[in-house]
Amino acid sequence: MRTRGRLEALAVGVVVGLLGIVRLVLGNPEALTQVLWAEDGLFALCVRSFDAVSCTIEPFAGYLLLLPRVSTALVSVLPMSVWPLASVMLALIVAGAPSSSISVALRGFGLSIIGSGASALCSS
């Protein structure tokens, strides 16, 4: 992939992340520093108390979601005071990555930068 294509994909991912931050802050101004969704905190505490492998493979309430649990294991090594911000940042990276991929794929099919960017943003 050319450098320009990488920059375009990165820009789409960053815009998706920034839009996610704006949506969170508009809903609750303290969302970035004070709000930790229940599962994110629960699994991070589990990793701190036991270990990442057992907390990742043990079903909770009948479901087993791998990506959120792996990301929570990454968050658990940080101080608890930054868990809300770290969880949000990881979630926004996870949201931005597919949008970047969609933009790259659409550019590969010949769509313009505006068309591929808009389509990728609408997919998030």
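The structure we're discussing is the one just above.
Anyway, here's the lowdown on the structure attached to this text. These numbers come from a predicted model, not from an experiment.

Structural notes on the overall build of the protein chain
Part 1 of the reasoning: Assigned secondary structure in the protein chain consists of seven helices and zero strands.
Part 2 of the reasoning: Secondary structure elements in the protein chain, listed N-terminal to C-terminal, are α-α-α-α-α-α-α.
Part 3 of the reasoning: Principal-axis analysis of the C-alpha atoms places the extent of the protein chain at approximately 50 × 30 × 25 Å.
Part 4 of the reasoning: Expressed as a percentage of the 124 residues in the protein chain, the buried residues total 30%.
Part 5 of the reasoning: Counting only contacts in the protein chain whose residues sit at least 6 apart along the sequence, the fraction spanning at least 24 positions is 58%.
Part 6 of the reasoning: Summed over all atoms, the accessible surface of the protein chain reaches about 7,800 Å², with 72% contributed by carbon and sulfur.
Part 7 of the reasoning: Between the centroid of the 7 positive side chains of the protein chain and the centroid of its 6 negative side chains there is a distance of 18 Å.

Regarding the state of the cysteines
Part 1 of the reasoning: All chains considered together, the criterion is met by one disulfide.
Part 2 of the reasoning: What pairs with C46 in a disulfide is C55, and their sulfur atoms sit 1.9 Å apart. Taking the sign of the torsion about the S-S bond as the criterion, the disulfide between C46 and C55, at about -85 degrees, is left-handed.
Part 3 of the reasoning: Overall, the relative accessible area of 4% leaves C55 in the buried class.

Topic: the pattern of salt bridges
Part 1 of the reasoning: The full count for this structure, using the stated rule, is two salt bridges.
Part 2 of the reasoning: For R107, the salt bridge is made with E8, and the minimal N-O distance between the two is 3.1 Å. Taken together, the residues R107 in helix α6 (residues 83-108) and E8 in helix α1 (residues 3-27) connect sequence positions 99 residues apart.

Considering the environment of G108
Part 1 of the reasoning: Inspection of the secondary structure assignment puts G108 in helix α6.
Part 2 of the reasoning: For the pair G108 and G5, spaced 103 residues apart in sequence, the C-alpha to C-alpha distance is 9.6 Å.

Observations concerning the packing of α6 against helix α7 (residues 113-123)
Part 1 of the reasoning: Interhelical geometry of α6 versus α7 gives an angle of 150 degrees and a closest axis separation of 8 Å. Considering the angle they form, α6 stands roughly antiparallel to α7. Every pair of crossing elements has a handedness; the one defined by α6 and α7 is right-handed. Of α7, the residues touching α6 (which contributes S99, I102, S103, L106 and R107) are I113, S116, S119, A120 and S123.
Part 2 of the reasoning: Looking at the contact of α6 with α7 residue by residue, the class counts come to four nonpolar, five polar and one charged.

Thresholds, definitions, all that
- In this convention, every chain numbers its residues from 1, walking through the sequence in written order.
- At least 70 in pLDDT is required for a residue's local features to be given in this predicted model, at least 80 for side-chain atom pairs to be given and counted, and no such filter applies to totals for whole chains, interfaces and linings, which use all residues.
- Excluding hydrogens and water, the side-chain values take into account all heavy atoms of the structure.
- Every helix listed is a DSSP run of H or I at least four residues long, and every strand listed is a run of E at least two residues long, numbered separately from the N terminus.
- Relative accessibility decides the category of a residue: with a 1.4 Å probe and only protein chains considered, values under 20% of the type maximum give buried, values over 50% give exposed, and everything between is partly exposed.
- In what follows, a contact means two residues having at least one pair of non-hydrogen atoms within 4.5 Å.
- The Shrake-Rupley method, run with a 1.4 Å probe, gives the accessible areas here. Residue values count only the displayed protein chains as cover.
- For the purpose of charge, His is not counted, nor are the chain termini; Lys and Arg are scored as positive and Asp and Glu as negative.
- Note that the charge is assigned to NZ on lysines, CZ on arginines, CG on aspartates and CD on glutamates.
- The term disulfide is used for any two cysteine sulfur atoms that are within 2.5 Å.
- A carboxyl oxygen of Asp or Glu within 4 Å of a side-chain nitrogen of Lys or Arg is what we treat as a salt bridge.
- Angular values range over 0 to 180 degrees, each being the angle between N-to-C directions of two axes fitted as lines to C-alpha atoms, with helices fitted over their stretch in contact.
- Should an angle fall under 35 degrees it is taken as roughly parallel, and over 145 as roughly antiparallel, whereas 65 to 115 is taken as roughly perpendicular and any remaining angle as oblique.
- Here a crossing is taken to be left-handed if its near helix is turned anticlockwise relative to the far helix by less than a right angle, and right-handed if that turn runs clockwise.
- Gly counts as polar in this scheme, as do all residues outside two lists: the nonpolar Ala, Val, Leu, Ile, Met, Phe, Trp, Tyr, Cys and Pro, and the charged Asp, Glu, Lys and Arg.

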